[in-house]
Amino acid sequence: METVTTISALRQRLGPHRRASRDIGFVPTMGYLHQGHMSLVERSRAENDVTVVSIFVNPLQFGKNEDLDRYPRDLPRDSMMLELAGVDFLFAPRVEDMYPRPMETVVDVPKLGSELEGEARPGHFAGVATVVTKLLNIVQPHAAYFGEKDYQQVAVIRRMVEDLALPVRVVPVPTVREADGLACSSRNVYLSEQERAAAVIVPKALEEAARLRALGFTDPAEMERSLSAFIAAEPLATPEVVAVRHPDTLMPLSTLDGPFLVLLYVRVGKTKLLDNRVIGNAAARGREAA
Ligand SMILES: Nc1ncnc2c1ncn2[C@@H]1O[C@H](COP(=O)(O)OP(=O)(O)OP(=O)(O)O)[C@@H](O)[C@H]1O
Ligand SMILES: CC(C)(CO)[C@@H](O)C(=O)[O-]
Ligand code: BAL
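Residues numbered from 1 in each chain as written. Chains lettered and ligands numbered in written order. Predicted model: local features only at pLDDT ≥ 70, side-chain atom pairs only at ≥ 80, totals over all residues. Heavy atoms only, no water.

Labelled according to an unreviewed UniProt entry, the chain appears under the name Pantothenate synthetase, originating from Ciceribacter sichuanensis. If you open the UniProt record of the chain and go to Catalytic activity (unreviewed entry), you find "(R)-pantoate + beta-alanine + ATP = (R)-pantothenate + AMP + diphosphate + H(+)". The UniProt entry for the chain carries the following comment under Function (unreviewed entry): "Catalyzes the condensation of pantoate with beta-alanine in an ATP-dependent reaction via a pantoyl-adenylate intermediate." (UniProt positions renumbered as here; feature names shortened; annotations may be inferred.)

A.B. asks: Explain the site of ligand 2 residue by residue, including any values.
C.D. replies: Contacts to ligand 2 come from Pro-28, Thr-29, Met-30, Asn-58, Gln-61, Val-128, Val-131, Val-132 and Gln-153. In this structure, Gln-61 approaches ligand 2 through a side-chain N or O atom, which is 2.7 Å from an oxygen atom. Here an oxygen atom of ligand 2 sits 2.7 Å away from a polar atom, N or O, in the side chain of Gln-153. Within the complex, the protein chains bury 88% of what would otherwise be the 290 Å² of accessible surface of ligand 2. Looking at the shell around ligand 2, the elements with two or more residues in it are β2 (24–29) and α7 (124–139). (Near = heavy atom within 4 Å. Polar contact = N/O pair within 3.5 Å; in protein donor to acceptor, adjacent residues only side chain to side chain. Areas by Shrake-Rupley, 256 points an atom, 1.4 Å probe, with all protein chains shown as cover. Helix = DSSP H or I, 4+ residues; strand = E, 2+ residues; numbered from the N terminus.)

A.B. asks: I'd like to hear about the domain arrangement of the chain, residue by residue, with values.
C.D. replies: By a widely used convention, the size of an interface equals the accessible area lost when the partners come together. The domain boundaries assigned to the chain delineate domain 1 (2–173) and domain 2 (186–287). Just the C-alpha atoms count here: the centres of domain 1 and domain 2 sit 26 Å apart. Taken together, the contact between domain 1 and domain 2 spans 22 residues of the former and 18 residues of the latter. Regarding the contact of domain 1 and domain 2, the summed buried area is about 1900 Å², with carbon and sulfur atoms giving 55% of it. Ranking the residues of domain 1 by area buried against domain 2 places Leu-116, Lys-149 and Tyr-151 at the top, with a combined share of 34%. Taken together, the links from domain 1 to domain 2 amount to two salt bridges. Notably, a salt bridge pairs Arg-187 with Asp-67, separated by 2.8 Å at the nearest N-O pair. Scanning the region where domain 1 abuts domain 2 turns up 10 residue pairs in polar contact (both at pLDDT 80 or more). It is helix α8 (residues 151–163) that provides the largest number of residues to the side of domain 1 that touches domain 2, a total of three residues. Residues that form the side of domain 1 that touches domain 2 fall into these classes: nine nonpolar, four polar and nine charged. (Domains from an automatic or database assignment. Contact = heavy atoms within 4.5 Å. Buried area = accessible area lost by both parts, 1.4 Å probe. Salt bridge = Lys/Arg side-chain N within 4 Å of Asp/Glu carboxyl O. Nonpolar A, V, L, I, M, F, W, Y, C, P; charged D, E, K, R; others polar.)

A.B. asks: An account of the nonpolar core is requested, with residue identities and associated values reported.
C.D. replies: Counting 46 residues, the largest nonpolar core has Leu-10, Val-52, Leu-136 and Met-160 as its most contacted members. Per-element tally for this core: the top contributor is α7, with nine residues. Viewed by domain, this core spans two of them, domain 1 (2–173) and domain 2 (186–287), each represented by three or more residues. Beyond its immediate stretch of four places on either side in the chain, Met-160 contacts Val-107, Val-109, Ala-129, Val-132, Thr-133, Leu-136 and Leu-166. Core analysis: the next-biggest nonpolar cluster, separate from the first, contains 24 residues, Leu-182, Leu-191, Ile-231 and Leu-273 among them. (Core = buried A, V, L, I, M, F, W, Y, C linked by side-chain atoms within 4.5 Å. Buried < 20%, exposed > 50% of the residue type's maximum accessible area, 1.4 Å probe, protein only.)

A.B. asks: Describe the site of ligand 3, and please don't skip the residues or the numbers.
C.D. replies: The full set of residues close to ligand 3 is Met-30, Gln-61, Arg-121, His-124, Asp-150, Gln-153 and Arg-187. Taking Arg-121, its side chain carries an N or O atom lying 2.9 Å from an oxygen atom of ligand 3. Protein burial of ligand 3: of its 220 Å² of free accessible surface, 86% is covered by the chains. Per-class residue counts for the shell around ligand 3 are one nonpolar, three polar and three charged.

A.B. asks: Could you give me a rundown of the UniProt feature "active site" (unreviewed entry) in the chain, with the residues and numbers involved?
C.D. replies: The UniProt feature table records "active site" (unreviewed entry) at His-37. Following the sequence through the fold, His-37 ends up in helix α2 (residues 35–47). Not counting residues within four places of it along the chain, the set of residues in contact with His-37 comprises Thr-29, Gly-31, Tyr-32 and Ser-186.

Encoded structure:
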């Protein structure tokens, strides 16, 4: 594996692969890697000749009072994991490599990006869309891999790629979970032992949604109220977003008689955890990874 830190060096190193018509797969990350990230890497390696992984904690997508400064980082460990996994290139730019001047240009998907997690984190999805556009322009991959744990992020990126006719295939990858069901996430490291035990309320609430639907719940507002109460019964957990939406458009639904998305953004202590599940759709249920 070769580690590259500048845009020009990466372009130069990828040139021969592009000229040889090799398929390039790209996995953008913010590092502090876990099994979720590694499943994106495995998928990219299975589908492409060359895999590029980026590690960049993007300041544009963090609000003023968020955790940019304390976001977990461990480049030597990440680098070893990627090397062992057979990754070809690690792109690990510094902030000044990515943004030599303050960015004037913004890519925004304002409607999709301003609700749900976007309402709780104003400006977040514009920061994501802007950096992902820039990374896609730098790497110019055939396919880019994103985790379904960040469901709204996938929706925003798909829409952006469609609207701007970006020449890349967006591949969503199922959520990888810990043994007790908690979705793997770099921010899980913030949780104290007590909070880690409490965090299981998040995947349990997704199970509860499936149970309530099987019991005959079809009113979205009633489902949201019940799930909020279910989560709030855990003293260390505060539900920030509990939303039942259309799985493709993310629009509110009038009834739950077809497939629906349950999207959760839950604070446990000071840590915000994201999770989701599509219910009522055999194909989507089958997509959940172990
Ligand atoms: N559990 C998971 N399963 C599959 N993909 C995941 C998982 N967690 C993260 N990803 C994906 O990995 C990519 C990089 O994500 P990122 O580096 O932000 O990790 P993260 O664990 O989501 O971090 P955070 O705790 O900051 O949300 C994203 O496409 C994200 O959706
Ligand atoms: C896609 C991404 C790498 C952009 O910074 C980030 O939002 C993430 O890690 O999900
Ligand atoms: N996993 C999405 C990146 C973020 O929370 O900023």
